[in-house]
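Descriptive analysis of the structure
The primary structure of each chain is shown beneath.
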Amino acid sequence: MILTGNKIAEEVLNGKIVIEPFELSGITTNSYDLTLGNKLLMYNDEVLDPKKEPQTTMFEIPDSGYEMKRGEFLLGCSNEFVGSDFYVPIVHAKSSIARLGLFIHITSGLFDIGCKCNVTFHLYATMPIRLYKNMPIAQITFWKTTGEIKHYHGKYQNDTGPVASRICKDFK
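Below is a summary of the structure that appears in this document. What you are looking at is a predicted structure, and each value in this text was computed from that prediction instead of being measured.

So, how was this worked out
- Residues numbered from 1 in each chain as written.
- Predicted model: local features only at pLDDT ≥ 70, side-chain atom pairs only at ≥ 80, totals over all residues.
- Heavy atoms only, no water.
- Helix = DSSP H or I, 4+ residues; strand = E, 2+ residues; numbered from the N terminus.
- Buried < 20%, exposed > 50% of the residue type's maximum accessible area, 1.4 Å probe, protein only.
- Lys, Arg positive; Asp, Glu negative; His and termini not counted.
- Salt bridge = Lys/Arg side-chain N within 4 Å of Asp/Glu carboxyl O.
- Polar contact = N/O pair within 3.5 Å; in protein donor to acceptor, adjacent residues only side chain to side chain.
- Patch = residues over 30% accessible without salt bridge, like charges linked within 9 Å, V, L, I, M, F, W, Y side chains within 5 Å.
- Areas by Shrake-Rupley, 256 points an atom, 1.4 Å probe, with all protein chains shown as cover.
- Pairing = 2+ DSSP bridges.
- Contact = heavy atoms within 4.5 Å.
- Phe/Tyr/Trp six-rings, centres within 6.5 Å; stacked < 30°, edge-to-face > 60°.

A separate point is the side chain of E72. Assignment of secondary structure puts E72 in the loop between β5 (66–68) and β6 (73–84). Despite being buried, E72 has no salt bridge partner; K69 is the closest side chain of opposite charge, sitting 4.7 Å away. In terms of polar contacts, E72 uses its side chain to reach the side chain of Y66, at 2.7 Å.

What follows concerns a nonpolar patch on the surface. A cluster of nonpolar side chains, namely F73, F103 and Y124, defines an oily patch on the protein surface of about 270 Å² accessible area. For F73, the location among the structural elements is in strand β6. Judged by its relative accessible area of 36%, F73 falls in the partly exposed class.

A few words now on the environment of K172. Turning to its location among the elements, K172 is positioned in the segment after β11 (136–143). As a C-alpha pair, K172 and K51 span 121 residues in sequence and 8.7 Å in three-dimensional space.

Taken as a whole and assessed by the stated rule, the structure comprises six salt bridges. Its salt-bridge partner being E10, residue K7 comes within 3.1 Å of it at the nearest N-O pair. Within this pair, K7 and its partner E10 are both found in helix α1 (residues 5–13), separated by three residues, close to a single helical turn. As a salt-bridge pair, K116 and D85 come within 2.6 Å of each other at their nearest N and O atoms. Taken as a pair, K116 in strand β9 (residues 116–125) and D85 in the loop between β6 and β7 (88–93) lie far apart in primary sequence, 31 residues in all. A single salt-bridge network, built from bridges that share partners, covers E60, D63 and K133.

Below, the discussion takes up the pairing of β6. Extensive coverage of β6 is indicated by the burial of nine of its twelve residues. One ladder, built from four bridges, connects strand β1 (residues 17–20) with β6; its direction is antiparallel. When the sheet's bridge partners are listed, I19 is paired in β6 with V82. Pairing between β6 and β9: eight bridges, direction antiparallel. Within β9, the residue paired with V82 across the bridge is C117.

Mapped onto the secondary structure, T35 falls in strand β2 (residues 32–35). By relative accessible area, T35 is classed as buried at 16%. Side-chain polar atoms of T35 contact the side chain of N79, separated by 2.9 Å. A distance of 2.8 Å separates the side chain of T35 from the side chain of E80, its partner in a polar contact. Excluding residues within four positions of it along the chain, T35 makes contact with C77, S78, N79, E80, F121, N134, M135, P136 and I137.

A separate point is the packing of aromatic side chains. Tallied over the entire structure, the rule returns four aromatic pairs. Centroid distance F59 to Y66: 5.1 Å. Interplanar angle 55 degrees. Geometry classified as tilted. When the ring of F103 is compared with that of Y124, the centres are 6.1 Å apart and the planes differ by 35 degrees; the resulting orientation is tilted. In this pair, F103 is assigned in strand β8 (residues 102–104) and Y124 in strand β9, connecting sequence segments 21 residues apart. On the basis of relative accessibility, which here comes to 38%, the residue F103 falls in the partly exposed class. On the accessibility criterion, Y124 (34% relative accessible area) is partly exposed.

So, in structure tokens, the structure goes:
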């Protein structure tokens, strides 16, 4: 069962949902709007090998914005640090930005319960698009669980900023 926007706000105030910083204006009918941080991460490797740590370049989004090219893939992050020990967060693109051809978190929007971090956005441009720091880009929903809760203690816990894949740790 999905939480309404009012219930999300209530649970933030009760400490059951973490959204920092939290602004009431970010609440929607059944989600909270997430904004794009000021840095982007680009992979440098010609071929990405899951068994090896990827080489990356991090750069700041200029005040004039960053123009993503068609077919470009970057990692960004939310300004907001989010998570919950009581609910399962799911990240979705904002419909209005998706309609401009920017794919955000298409394949891994489901958070593990207990994971708290800045959301790393997987950004893929189907059309050239300009990104601005602090722009609303995604939304997060929170879902009730059934059954015993086991909290996440994995390789992405407490991440800040955009974070490259750490799948290479699964091979060790």
